[in-house]
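# Analysis of the macromolecular model
The primary structure of each chain is shown beneath.
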Amino acid sequence: MSIFAELKRRNVYRVAALYVIVSWVLLQVADVLLGMLPLPPWIGTLVFFLLALGFPVALLLAWAFELTPEGVRRESATGGEVRKTGSSFGYRDLLIGAAFVAVLAYAFYAHYRSGVDEDAAAAASGYSIVVLPLNDLTNDPTEAYFVEGMHEALITEFSKIEALRVISRTSAAAYRDSAKPVPQIARELNVNAVLEGSVLRVGDTVRVSAQLIDGATDRHLWAGNYDRRMTDILALFGDIAQEIAQQVRVTVTPDEQARLVNTRSIDPQVYERYLKGRHLCDKWSPQEMSQGAGLLREVTALDPDYAPGYAALASCLQYQAFFDYVAPLEIRAESEAAALQAVALDEELADARVALSGILWYLDLNPDAAERELERALQLNPGSDRALLHGSWLLGESGQFDEAIPLTHKAIRLNPLATSTHHALGQVYYLAREFDQSIEAYGEALELNRNDPYLHFSLAVPLHFKGEQAAAFEAARKAVELSSGEPLYVAGLAWLSGTNGFDAEAEQLLRELEADPRASAFHFALVHLGLGNHQQAIDLMLQAYVERSSHLVYIKEGAMFDPLRRDQRFKHLVTRIWGSAPGAE
């Protein structure tokens, strides 16, 4: 007798089919119980493992024993007799076979349906991920800028995929050296998965190790190691982003696929200067931004074809002017030339479009052209927090609040722990005359950082318009204290003092500004606005326009400029910038 006939005679096939059917039923019951009871998620895996172990045991028992009307008997006791198979035997086999086929068909359908549902869900709501700060395995504090730069570059690549929601670097950085478990981090940031990784740099070789962890179950979904020479490091980030997108089954469009491929090589010394320059510029202090701009100038000189170097230099210079660290006209030509060169070298570099938009708006005061560049930047990189913030600022300052507020909320979802996103929301609400909501948003920003003078200065203004003068003065004075008397905050306190009738204090602060070489026409305009010298304030604003002061972007919608709105010269100034009369009369 053949082995297959013997397996049939001993009912091994029947036992195998019954075991699969019963196991499937037990797994369904376990799945239901896991959803109803507070059981750990590994229970389902344990049930499957035990059932899998039991399958060969069941087959061995079926081979060795027979279930008879007299009870269980060893197969050897039946000798070589062929078991009788009446009609009931055929009927039972038919039922078992039908049930077995049904289970297989349902399992196949469920697997197919699950894939379809997951893909549909990903397309509808997007898969969300946070890239935690990379561990520096070299343990060299002087290399911190390098690891931080790689962290940001990796996030930038992920954010190019529209179906993937990626938490921005500032919020991810809050979990550096955190002992919190992955599920807790995932809950706090509202993400599906967490990517952990490390960087080891040895000579001219870099190794990046990464592992993707499910945010709900703490289960490892994927892990990989990548070794690259420093000259080929730019291709590394796109490779990892594509691998993760494939693992979590999000759709990557052909255009996104093309943007993730970077075969360009780079001189390691150029890339190090680029990372360090960006690192210093992002510190936003006068000395560090000046050092960062110097390094980025070296980058463009050493590698004139590296577009990100020009984009970073253009943005750094524009931010220096915004914070009054340099005069706008001193850096306007250089920053604009750098931004245009970045776009010319790489038309699909989102950072280049953001840099050009910032210059067109804050240095050229050209809102329409700036908005077009921002729209292109967000097409190229929908998750760019810089593009979202610039969009929030531009649209809010131009009075397009219905568009600015959703954009700002998206920025907060991607960067919930950054003061900049909450400050942007507070600014939009202030410009929209929603002072309660503005105060709340500024308060949330201050909970994240109470040592930022710009936050205190910004909070003072809506507090004043809510009639909470004591709190407004406290915030304004705190800004002056924290900034060591920077002109913008001294001017803001003088405006508040004059508006509230404390002319002597305002005039004393005006004298302090006159002795400060950093003070500009816009700062003096604020003081005279508070003192009620409206014509002198407008004269100074016209001078500020010639100087291309970035602070003029607030005059169209800002409530503090309401006393000037009926003046024809003020209306003309607003029209020169926006091409329309002020939004508030």
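This text follows the structure it describes.
All values reported here derive from a predicted model rather than from experimental measurement.

### What about the overall build of the chain?
Tallying secondary structure elements over the chain gives 26 helices and 8 strands in all. Going through the 585 residues of the chain one by one, you find that 50% of them count as buried. Taking all contacts inside the chain whose residues are at least 6 apart in sequence as the whole, residues at least 24 apart take part in 62%. With an accessible surface of roughly 27600 Å², the chain has 56% of that area assigned to carbon and sulfur atoms.

### Side note on the pattern of salt bridges
Counted by the stated rule, this structure contains 22 salt bridges. Across the pair K478 and E481 runs a salt bridge whose closest N-O atoms are separated by 3.7 Å. Remark: E481 and K478 occur in helix α21 (residues 469-483); sequence separation between them is 3 residues, near one turn of the helix. On the basis of relative accessibility, which here comes to 30%, the residue K478 falls in the partly exposed class. Salt bridges sharing common partners tie together E152, R169, R278, D282, D351 and R386.

### Quick word on the pairing of strand β3 (residues 127-131)
Across the 5 residues of β3, 5 count as buried, placing the element largely inside the fold. Of the two faces of β3, the one holding Y127, I129 and V131 and the one holding S128 and V130 are both buried throughout. Of the strand pairs in this sheet, β3 and strand β5 (residues 164-166) are connected by 3 bridges, and their pairing is parallel. Bridging from a neighbouring strand, S128 pairs with R165 of β5.

### Things to note about α21
Between its first and last C-alpha, α21 extends 21 Å over 15 residues, near the 21 Å set by a 1.5 Å rise per residue. Along α21, the residues classified as buried are A472, F473, A475, A476, A479, V480 and S483. On an axial view of α21, the arc spanned by its buried residues comes to 165 degrees, and they lie on one face. Away from its buried face, by an angle of more than 90 degrees, α21 presents the exposed residues A470, E474 and E481. Where the residues of α21 are buried, they touch α20 (453-465) and α22 (487-499). Where α21 ends, the next residue or the one after it, S484, has phi of about 60 degrees, a positive value.

### Structural notes on the packing of α20 against α22
Contact geometry of α20 with α22 gives a least axis separation of 10 Å together with a crossing angle of 15 degrees. Relative to α22, α20 is oriented roughly parallel. Classified by chirality, the crossing of α22 by α20 is left-handed. Of the residues in α22, those in contact with P453, Y454, F457, H464 and F465 of α20 are L488, Y489, G492, W495, L496 and T499. Looking at the contact of α20 with α22, its residues break down into 8 nonpolar, 3 polar and no charged.

### A few points about the state of the cysteines
One pass over the structure, following the stated rule, counts 1 disulfide. Bridging C281 to C316, the disulfide has an S-S length of 2.1 Å. Judged by the sign of its S-S torsion, about -85 degrees, the bond between C281 and C316 is left-handed. Of this pair, C281 sits in helix α10 (residues 268-281) while C316 is found in helix α12 (residues 307-322), placing the two residues 35 residues apart along the sequence. You can call C316 buried: its relative accessible area is 2%.

### Quick word on a negative patch on the surface
Residues D255, D346, E347 and E348 make up a contiguous surface patch of negative charge. Position of E347 relative to the elements: it lies in the loop between α13 (328-345) and α14 (350-362). With a relative accessible area of 54%, E347 lands in the exposed category.

### Things to note about the pairing of strand β8 (residues 220-229)
Looking at chain direction, strand β7 (residues 205-214) and β8 are connected through 9 bridges and run antiparallel. When the sheet's bridge partners are listed, T205 is paired in β8 with R229. Here β7 folds back onto β8 in antiparallel fashion, the turn holding 5 residues, of which D218 has a positive phi close to 65 degrees.

### Things to note about the side chain of E371
Its place among the elements puts E371 in helix α15 (residues 367-380). For the buried residue E371, which engages in no salt bridge, the nearest side chain bearing the opposite charge is R372, 8.0 Å off. Once residues within four sequence positions are removed from consideration, E371 is found in contact with L394, L395, Q400 and E403.

### Some points on α22
Between its first and last C-alpha atoms α22 spans 18 Å; for 13 residues at 1.5 Å apiece the expected length is 18 Å, and the two agree. For α22, the tally of buried residues reaches 12 of 13 residues, placing the bulk of the element in the interior. Residues of α22 that are buried include every one of P487, L488, Y489, V490, A491, G492, L493, A494, W495, L496, S497 and G498, and no others. Within two residues after α22, G501 carries a phi angle of roughly 90 degrees, on the positive side.

### Some words on unusual backbone geometry
A positive phi angle, close to 65 degrees, is found at W284, a residue other than glycine. Take W284: it is sitting in the loop between α10 and α11 (286-302).

### A look at the packing of aromatic side chains
Across all of its chains, the model carries 18 aromatic pairs by this definition. Taking the centre distance of 5.7 Å and the plane angle of 55 degrees together, the rings of W284 and Y319 count as tilted. Here W284 is found in the loop between α10 and α11, whereas its partner Y319 is found in helix α12, with 35 residues between them in sequence. With relative accessibility at 8%, the residue Y319 sits in the buried group. A connected cluster of aromatic rings, assembled from ring pairs, spans W284, Y319, F322, F323, Y325, W361, Y362 and W578. Taking the ring centre of Y145 as reference, the NZ or CZ of K276 above it sits at 5.5 Å. Here R548 stacks its cationic end above the ring of Y545, 4.5 Å away from the centre of that ring.

Parameters and conventions
- Residues numbered from 1 in each chain as written.
- Predicted model: local features only at pLDDT ≥ 70, side-chain atom pairs only at ≥ 80, totals over all residues.
- Heavy atoms only, no water.
- Helix = DSSP H or I, 4+ residues; strand = E, 2+ residues; numbered from the N terminus.
- Buried < 20%, exposed > 50% of the residue type's maximum accessible area, 1.4 Å probe, protein only.
- Contact = heavy atoms within 4.5 Å.
- Areas by Shrake-Rupley, 256 points an atom, 1.4 Å probe, with all protein chains shown as cover.
- Salt bridge = Lys/Arg side-chain N within 4 Å of Asp/Glu carboxyl O.
- Pairing = 2+ DSSP bridges.
- Expected span 1.5 Å × (residues − 1).
- Arc of directions from axis to C-beta.
- Axes fitted to C-alpha atoms, helices over the stretch in contact; angles between N-to-C directions.
- Parallel < 35°, antiparallel > 145°, perpendicular 65-115°, else oblique.
- Left-handed = near helix turned anticlockwise from the far one by under 90°.
- Nonpolar A, V, L, I, M, F, W, Y, C, P; charged D, E, K, R; others polar.
- Disulfide = S-S within 2.5 Å.
- Patch = residues over 30% accessible without salt bridge, like charges linked within 9 Å, V, L, I, M, F, W, Y side chains within 5 Å.
- Lys, Arg positive; Asp, Glu negative; His and termini not counted.
- Charge placed at Lys NZ, Arg CZ, Asp CG, Glu CD.
- Phe/Tyr/Trp six-rings, centres within 6.5 Å; stacked < 30°, edge-to-face > 60°.
- Lys NZ or Arg CZ within 6 Å of the ring centre and 35° of its normal.

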